[in-house]
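Each chain, written out:
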Amino acid sequence: HTMTYSRIGVYTLTGAAPDVTRQASEGMLPILKRQPGFVDYQLVTAEDKVISISTWQTETQATEGSKQAAKFVAEQHTPMTLDHSYIGDVTLSSRS
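An account of the accompanying structure is given in this report.

Here is what the cut-offs are and how they apply
Residues numbered from 1 in each chain as written. Predicted model: local features only at pLDDT ≥ 70, side-chain atom pairs only at ≥ 80, totals over all residues. Heavy atoms only, no water. Helix = DSSP H or I, 4+ residues; strand = E, 2+ residues; numbered from the N terminus. Buried < 20%, exposed > 50% of the residue type's maximum accessible area, 1.4 Å probe, protein only. Areas by Shrake-Rupley, 256 points an atom, 1.4 Å probe, with all protein chains shown as cover. Contact = heavy atoms within 4.5 Å. Core = buried A, V, L, I, M, F, W, Y, C linked by side-chain atoms within 4.5 Å. 1 Å grid on protein atoms, 1.4 Å probe; cavity = no way out; pocket = protein on both sides within 12 Å on 5 of 7 lines; lining within 4 Å. Points joined across faces, edges and corners; volume = space filled by probe spheres on them. Nonpolar A, V, L, I, M, F, W, Y, C, P; charged D, E, K, R; others polar. Pairing = 2+ DSSP bridges. Axes fitted to C-alpha atoms, helices over the stretch in contact; angles between N-to-C directions.

A closer look at the overall build of the protein chain
Per the secondary structure count, the protein chain includes two helices and four strands. Moving toward the C terminus, one meets the helices and strands of the protein chain in the order β-α-β-β-α-β. For the protein chain, the spread of C-alpha atoms along the principal axes amounts to about 40 × 25 × 20 Å. When each of the 96 residues of the protein chain is scored for burial, the buried share is 39%. Just so you have it, the protein chain exposes about 5,700 Å², and 52% of that area is on carbon and sulfur atoms.

Quick look at the structure:
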(Lines give C-alpha, C1' and ligand atoms only; values in the text may rest on other atoms or scores of the structure.)
Protein backbone atom coordinates (compact mmCIF):
# COMPACT_ATOMS: atom_id res chain seq x y z
CA HIS A 1 0.00 0.00 0.00
CA THR A 2 1.44 3.34 -1.06
CA MET A 3 0.68 6.20 1.29
CA THR A 4 -1.27 9.06 -0.21
CA TYR A 5 -2.14 12.51 1.08
CA SER A 6 -5.42 14.37 1.04
CA ARG A 7 -6.21 18.03 1.08
CA ILE A 8 -9.55 18.74 2.74
CA GLY A 9 -11.12 22.17 2.42
CA VAL A 10 -14.21 23.08 4.44
CA TYR A 11 -16.14 26.03 3.03
CA THR A 12 -19.30 27.94 3.90
CA LEU A 13 -21.66 28.34 0.95
CA THR A 14 -22.53 31.91 0.05
CA GLY A 15 -24.53 30.87 -3.01
CA ALA A 16 -26.25 27.82 -4.46
CA ALA A 17 -24.71 24.35 -4.06
CA PRO A 18 -25.52 23.33 -7.68
CA ASP A 19 -23.53 26.36 -8.92
CA VAL A 20 -20.51 25.34 -6.84
CA THR A 21 -20.79 21.74 -8.08
CA ARG A 22 -20.96 22.91 -11.70
CA GLN A 23 -17.96 25.22 -11.27
CA ALA A 24 -15.98 22.41 -9.63
CA SER A 25 -16.90 19.93 -12.36
CA GLU A 26 -16.23 22.24 -15.29
CA GLY A 27 -13.30 24.21 -13.89
CA MET A 28 -11.64 22.85 -10.76
CA LEU A 29 -11.56 19.15 -11.66
CA PRO A 30 -9.80 19.61 -15.03
CA ILE A 31 -7.17 21.83 -13.33
CA LEU A 32 -6.55 19.29 -10.58
CA LYS A 33 -6.38 16.39 -13.04
CA ARG A 34 -3.54 18.18 -14.87
CA GLN A 35 -1.46 18.48 -11.67
CA PRO A 36 1.30 15.91 -11.07
CA GLY A 37 0.36 13.28 -8.50
CA PHE A 38 -3.41 13.75 -8.71
CA VAL A 39 -5.33 10.66 -7.53
CA ASP A 40 -8.96 11.60 -6.79
CA TYR A 41 -11.35 14.49 -6.11
CA GLN A 42 -14.66 14.60 -4.27
CA LEU A 43 -17.02 17.43 -3.42
CA VAL A 44 -19.53 16.98 -0.60
CA THR A 45 -22.34 19.42 0.15
CA ALA A 46 -24.00 19.33 3.56
CA GLU A 47 -26.39 22.04 4.72
CA ASP A 48 -24.50 25.32 4.22
CA LYS A 49 -21.07 23.63 3.95
CA VAL A 50 -19.00 22.36 1.05
CA ILE A 51 -16.24 19.85 1.74
CA SER A 52 -13.60 19.51 -0.98
CA ILE A 53 -11.40 16.40 -0.79
CA SER A 54 -8.50 15.91 -3.16
CA THR A 55 -6.05 13.01 -2.90
CA TRP A 56 -2.43 13.10 -4.05
CA GLN A 57 0.61 10.85 -4.26
CA THR A 58 2.81 13.14 -2.12
CA GLU A 59 2.39 15.84 0.50
CA THR A 60 4.14 18.37 -1.75
CA GLN A 61 1.65 17.64 -4.54
CA ALA A 62 -1.25 18.01 -2.08
CA THR A 63 0.11 21.41 -1.05
CA GLU A 64 0.40 22.52 -4.68
CA GLY A 65 -3.13 21.22 -5.36
CA SER A 66 -4.37 23.32 -2.45
CA LYS A 67 -2.77 26.42 -4.00
CA GLN A 68 -4.40 25.66 -7.35
CA ALA A 69 -7.80 25.23 -5.64
CA ALA A 70 -7.45 28.56 -3.81
CA LYS A 71 -6.48 30.31 -7.04
CA PHE A 72 -9.49 28.86 -8.87
CA VAL A 73 -11.96 29.82 -6.09
CA ALA A 74 -10.62 33.39 -6.04
CA GLU A 75 -10.49 33.87 -9.82
CA GLN A 76 -13.90 32.34 -10.52
CA HIS A 77 -15.65 34.13 -7.64
CA THR A 78 -16.96 30.75 -6.49
CA PRO A 79 -19.84 31.37 -4.04
CA MET A 80 -18.16 29.97 -0.94
CA THR A 81 -15.63 31.05 1.68
CA LEU A 82 -12.87 28.87 3.14
CA ASP A 83 -13.29 27.96 6.82
CA HIS A 84 -10.53 25.37 7.25
CA SER A 85 -7.91 23.65 5.11
CA TYR A 86 -6.07 20.47 6.09
CA ILE A 87 -3.44 18.29 4.44
CA GLY A 88 -2.80 14.90 5.96
CA ASP A 89 -1.80 11.29 5.47
CA VAL A 90 -4.50 8.96 4.21
CA THR A 91 -4.26 6.22 6.84
CA LEU A 92 -7.17 4.10 5.57
CA SER A 93 -8.82 3.90 2.18
CA SER A 94 -11.10 1.34 0.57
CA ARG A 95 -9.26 2.04 -2.72
CA SER A 96 -6.04 0.40 -1.54
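Observations concerning the side chain of Thr4
Among the secondary structure elements, Thr4 is positioned in strand 1 (residues 4-13). By relative accessible area, which is 14% here, Thr4 ends up buried. The residues touching Thr4, leaving out its near neighbours within four places in the chain, are Thr55, Trp56, Gln57, Gly88, Asp89 and Val90.

Points about the nonpolar core
Ranked by size, the top nonpolar core spans 17 residues in total, and within it Met28, Leu32, Tyr41, Val50 and Met80 carry the most contacts. In this view, Val50 contacts Gly9, Val10, Tyr11, Leu13, Val20, Leu43, Val44, Thr45 and Met80; residues no more than four positions away in its chain are not counted.

Points about empty space enclosed by the protein
Counted by the stated rule, this structure contains one cavity of 30 Å³ or more. Its boundaries defined by the atoms lining it, the largest cavity holds a volume of some 30 Å³. In terms of lining residues, the largest cavity is bounded by Val20, Ala24, Met28, Tyr41, Phe72, Thr78 and Met80. Sorting elements by how many residues they give to the lining of the largest cavity places helix 1 (residues 17-34) first, with three residues. Residue classes in the lining of the largest cavity are distributed as six nonpolar, one polar and no charged.

Brief notes about the sheet that holds strand 2 (residues 38-46)
Strand order in this open sheet of four strands is 2-3-1-4, and the pairing throughout is antiparallel. Looking along the sheet, the strands with just one partner apiece sit at the ends: strand 2 and strand 4 (80-90). Strand-to-strand twist across the sheet, computed as the mean angle between neighbouring axes with direction ignored, equals 15°. In terms of strand pairing, strand 2 meets strand 3 (residues 49-56) through eight bridges, oriented antiparallel. Bridging across to strand 3, Leu43 finds its partner in Ser52. Along the sheet face, helix 1 touches strand 1, strand 2, strand 3 and strand 4 and points at about 170° away from the line of strand 2.

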